[in-house]
Amino acid sequence: MKDWVLHYLGTLGAGGLFLGLIIEALGVPFPGGLMTLLAGILVNQGRLDFYHILAAAVLGFNVGATAAYLIGRCVGEPFLLRYGKYLMVTPAKFDQARSWMYRSAPVFIIFGRFVPMVSNLTPYLAGISRLPFAQFLIYNSLFALSWVSFNLGIGIFFGHHWESIFSLIQSRLPLLALGVLVVYLLYLIVKQKALHRT
């Protein structure tokens, strides 16, 4: 996989990463994180330009997420319930993600992307819930910029040890993001109960 992605990126450059992250942002199972990390290695080697890669990655992720948002807004919940299996989404995960979305859109869009299976639903649910597009784009852009910068940075600074670093990211980062999301939801529940008591 690593060699194929390196060859793909070395041949297509920023355009290849742009297309890859459109697919990633649509929620289709795809090695977008690995692709971005390996792009960082190629930047470190001087084969790709950092600013072109950063712009292409953030733009590609936003294009894919916008397409998913529009599908959710125009087609709605029946689409996800029918085709969710292709995005690795179960009805239970859909209900859980929708509950998180209604509690706090910013936290869900920015941190929900780090949670396995829930991440695939993020832009679709934003569209289904009729979240204003400008608001969605701001939150999604914040996530895209931080996620892309993080993966590129790892590729650039730790490229020679990419296998151990990537394994650590895959195993720890989703758990950390899930922990932040759970703590925030608990805070909302406690706050809501306190309001009911007054």
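Values in this document were obtained by computation on a predicted structure and should not be read as measured data.

A. Representation of the overall build of the protein. Regarding its fold elements, the protein presents nine helices and zero strands. The N-to-C order of helical and strand elements in the protein reads α-α-α-α-α-α-α-α-α. Counting across all 198 residues of the protein, residues that qualify as buried make up 47%. Accessible surface computed for the protein: about 10400 Å², of which carbon and sulfur atoms make up 67%.

B. Looking closely at the environment of leucine 34. Position of leucine 34 among the secondary structure elements: in helix H2 (residues 32–44). For the pair formed by leucine 34 and glycine 155, sequence separation is 121 residues and the distance between their alpha carbons is 9.3 Å.

C. Fine view of the packing of helix H3 (residues 50–74) against helix H8 (residues 133–157). Interaxial distance between H3 and H8 falls to 9 Å at its minimum, and their mutual angle equals 140°. Between H3 and H8, the interaxial angle falls into the category oblique. At the point where H3 passes H8, the crossing takes the right-handed sense.

D. Seen up close, the nonpolar core. The biggest cluster of nonpolar side chains holds 52 residues, and the ones touching the most others in it are Leu9, Leu17, Met101, Phe108, Ile109, Leu125 and Val148. Elements that contribute at least two residues to this core include exactly helix H1 (2–25), H2, H3, helix H5 (91–103), helix H6 (105–111), helix H7 (122–128), H8 and helix H9 (162–197). A per-element tally of this core places H8 first, with nine residues. If we skip the residues at most four places from it in the chain, leucine 125 touches Phe94, Ala97, Arg98, Met101 and Phe108.

E. Structural view of H5. A rise of 1.5 Å per residue sets the reference length of H5, with its 13 residues, at 18 Å; its end C-alpha atoms lie 19 Å apart and thus fit the reference within 8%. Of all the residues in H5, the buried ones are Phe94, Ala97, Trp100 and Met101. For H5, the angular spread of buried residues about the axis comes to 130°, placing them on one side. Exposed residues lying more than 90 degrees from the buried face of H5 are Pro91, Ala92 and Tyr102.

F. Fine view of the packing of aromatic side chains. Taken as a whole and assessed by the stated rule, the structure comprises seven aromatic pairs. Ring geometry for phenylalanine 133 against phenylalanine 136: centres 6.4 Å apart, planes inclined by 40°, an arrangement best described as tilted. Separated by three residues within a single helix, phenylalanine 133 and phenylalanine 136 lie in helix H8, roughly one turn from each other. Of the residues examined, phenylalanine 133 reaches a relative accessible area of 34% and is grouped as partly exposed. Among the residues examined, phenylalanine 136 registers a relative accessible area of 0% and is labelled buried. Cluster of aromatic residues (ring-pair linked, three or more members): Phe61, Phe143 and Trp147.

About the criteria used
Residues numbered from 1 in each chain as written. Predicted model: local features only at pLDDT ≥ 70, side-chain atom pairs only at ≥ 80, totals over all residues. Heavy atoms only, no water. Helix = DSSP H or I, 4+ residues; strand = E, 2+ residues; numbered from the N terminus. Buried < 20%, exposed > 50% of the residue type's maximum accessible area, 1.4 Å probe, protein only. Areas by Shrake-Rupley, 256 points an atom, 1.4 Å probe, with all protein chains shown as cover. Axes fitted to C-alpha atoms, helices over the stretch in contact; angles between N-to-C directions. Parallel < 35°, antiparallel > 145°, perpendicular 65-115°, else oblique. Left-handed = near helix turned anticlockwise from the far one by under 90°. Core = buried A, V, L, I, M, F, W, Y, C linked by side-chain atoms within 4.5 Å. Contact = heavy atoms within 4.5 Å. Expected span 1.5 Å × (residues − 1). Arc of directions from axis to C-beta. Phe/Tyr/Trp six-rings, centres within 6.5 Å; stacked < 30°, edge-to-face > 60°.

In short, geometric facts, not functional conclusions.
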